[in-house]
Amino acid sequence: MRVWRIVLTILFAGVLCLPGQEGAKSEEEKKPPEPQRPIAFLDLKNSADGSYPGGATPLSGKWSIDAGAKKLKIAPEPLVRGRLEFGPEIREKGATIQAVARGPSRGRLRSRYGVGLYGKNGFQLRVALGTKQIELVRRGIVLTKKVFTGEPETLYQIELSVIEAGNDWQVSGRVWDAEKKRPKKAMISHMVITAELLFPLAGRPAVIGTPFSGESIQFASARVFNGEFVEVGEAPEMADDESEGDSRD
């Protein structure tokens with residue numbers, strides 16, 4: 001009886017190790033992770049010249065599409081803290097926004113531009129060419145800043161992440177030449193204590209800009225992701241019918 005048990009055990013083990021099964025498992029392990037899909041993006045390609053992207057809401061400043069340049073621009077007049085919101089409201093959960101932008105400048109007059117999360121009471125990451133800094137901002141107050149020597153004619157990738165850290169929030173940002181690789185580590189960060197927030201984090205993502213130089217600030221793209229952005233290759237743009245709010249607000 002004992003001999004039969006040993007024989008059956010060996011046969012069962014052989015079935016589990018049939019040719020092809022180990023290879024299939026190996027192939028599954030080798031399969032690369034899927035790139036994150038954005039939950040919203042500015043659809044510049046399908047927007048008419050002189051309009052603004054469907055589903056977007058300009059809150060301040062004069063925003064319009066330059067179809068020839070394939071850019072979204074904020075005009076230098078009126079000179080205001082420009083803000084254009086897009087995508088869904090994000091309420092008390094982590095998110096990441098990325099945008100590619102340029103702030104043409106003349107002489108000493110340099111523009112300021114960037115991205116924001118959670119509406120007017122949320123956070124912004126700004127590129128301040130005039131003071132040679134990048135800044136994390138909330139409700140007009142600079143939370144922290146770092147030296148950044150940018151060039152007015154360079155397209156920069158701007159990334160702002162707000163991620164849950166227990167009961168609090170880790171706010172971090174990166175800015176880099178859009179033609180170069182994304183930095184592996186955040187360039188600027190700040191811990192925000194939830195108990196110190198006067199308002200809950202709730203609102204729509206945004207692109208922002210103040211064209212101090214007298215020339216239009218240009219955005220080549222903007223997209224938003226749930227949670228922290230993890231780079232595993234180029235994240236695909238959403239199909240037009242998958243974007244949040246195809247019709248203009």
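Given the structure is predicted, the values throughout are model-derived calculations rather than measurements. (Residues numbered from 1 in each chain as written. Predicted model: local features only at pLDDT ≥ 70, side-chain atom pairs only at ≥ 80, totals over all residues. Heavy atoms only, no water.)

### Here's the deal with the pattern of salt bridges
Counting across every chain of the model gives seven salt bridges. A salt bridge links Arg 126 to Glu 135; the nearest nitrogen and oxygen atoms lie 2.8 Å apart. Just as Arg 126 is buried, Glu 135 falls in that class too. A salt bridge links Arg 182 to Glu 159; its shortest N-O distance comes to 2.8 Å. A residue pair is termed long-range when its members are at least 10 positions apart, and Arg 182 in the loop between β13 (168-177) and β14 (188-192) and Glu 159 in strand β12 (residues 156-165) qualify at 23 residues. Since its relative accessible area comes to 1%, Glu 159 is described here as buried. (Salt bridge = Lys/Arg side-chain N within 4 Å of Asp/Glu carboxyl O. Buried < 20%, exposed > 50% of the residue type's maximum accessible area, 1.4 Å probe, protein only. Helix = DSSP H or I, 4+ residues; strand = E, 2+ residues; numbered from the N terminus.)

### A closer look at the side chain of Gln 124
Structurally, Gln 124 can be placed in strand β9 (residues 123-128). What makes Gln 124 buried here is its relative accessible area of 9%. Not counting the four nearest positions on each side in its chain, Gln 124 is found in contact with Arg 83, Val 115, Gly 116, Gly 119, Glu 135, Leu 136, Val 137, Arg 138, Arg 139, Leu 160 and Ile 208. (Contact = heavy atoms within 4.5 Å.)

### Considering the confidence of the model for the chain
Summing up the model confidence of the chain, the mean pLDDT is 85 and the portion of residues at 70 or higher is 80%. Confidence drops under a pLDDT of 50 for residues 6-18, and excluding neighbours within four residues, the segment shows two contacts in the predicted structure. A low-confidence stretch, residues 235-249 (pLDDT under 50), is modelled with 47 contacts involving residues beyond four sequence positions or located in other chains. (pLDDT = per-residue confidence, 0-100.)

### Quick word on the environment of Glu 164
Relative to the helices and strands, Glu 164 is located in strand β12. A relative accessible area of 41% means that Glu 164 is categorised as partly exposed. Expressed as a C-alpha distance, the spacing of Glu 164 and Gly 94, which sit 70 residues apart in the sequence, is 5.9 Å. Apart from residues lying up to four places away in sequence, Glu 164 is in contact with Lys 93, Gly 94 and Trp 169. Among the polar contacts made by the side chain of Glu 164, one reaches the main-chain amide nitrogen of Gly 94 at a distance of 3.1 Å. (Polar contact = N/O pair within 3.5 Å; in protein donor to acceptor, adjacent residues only side chain to side chain.)

### Concerning the sheet that holds strand β11 (residues 141-147)
Taken in spatial order, the seven strands of this open sheet run β2-β5-β16-β8-β9-β10-β11, and their pairing is antiparallel. If you trace the sheet from one side to the other, it starts and ends with β2 (57-60) and β11, each paired once. Direction aside, neighbouring strands of the sheet carry axes that sit 20 degrees apart on average. Two elements, β9 and strand β10 (residues 133-138), share six bridges in a ladder whose sense is antiparallel. By the bridge assignment, Ala 128 is partnered in β10 with Gln 133. (Pairing = 2+ DSSP bridges. Axes fitted to C-alpha atoms, helices over the stretch in contact; angles between N-to-C directions.)

### Some thoughts on unusual backbone geometry
Omega for the peptide link from Glu 77 to Pro 78 comes to -5 degrees, which places this bond in the cis form. In the Ramachandran plot, Lys 70 falls in the positive-phi region, its phi being about 55 degrees despite a non-glycine side chain. Turning to its location among the elements, Lys 70 is positioned in the loop between β3 (63-66) and β4 (71-74). Although it is not a glycine, Arg 139 adopts a positive phi angle of roughly 50 degrees. Examined against the element boundaries, Arg 139 turns out to sit in the loop between β10 and β11. Arg 139 gets classed as partly exposed once you look at its relative accessible area, which sits at 43%.

### So, the packing of aromatic side chains
The geometry of an aromatic ring pair is captured by two quantities: the separation of the ring centres and the angle between the planes. Throughout the structure, instances matching the rule amount to three aromatic pairs. The ring centre of Phe 123 lies 5.8 Å from the NZ or CZ of Arg 138, which sits over that ring. (Phe/Tyr/Trp six-rings, centres within 6.5 Å; stacked < 30°, edge-to-face > 60°. Lys NZ or Arg CZ within 6 Å of the ring centre and 35° of its normal.)

### Description of the side chain of Arg 182
Residue classification places Arg 182 among the buried residues on the basis of a relative accessible area of 14%. The contacts of Arg 182, once residues within four sequence positions are left out, are Glu 159, Arg 174, Trp 176, Phe 229 and Glu 231.

### Topic: the pairing of strand β17 (residues 217-226)
For β17, a buried count of seven out of 10 residues is recorded, marking the element as mostly surrounded by other parts of the structure. By the bridge criterion, two bridges tie strand β1 (residues 40-41) to β17 in an arrangement that is antiparallel. Looking at the pairing, Ala 40 lines up with Val 224 of β17. The sheet contact formed by β4 and β17 spans three bridges and is antiparallel. Within β17, the residue paired with Ile 74 across the bridge is Ile 217.

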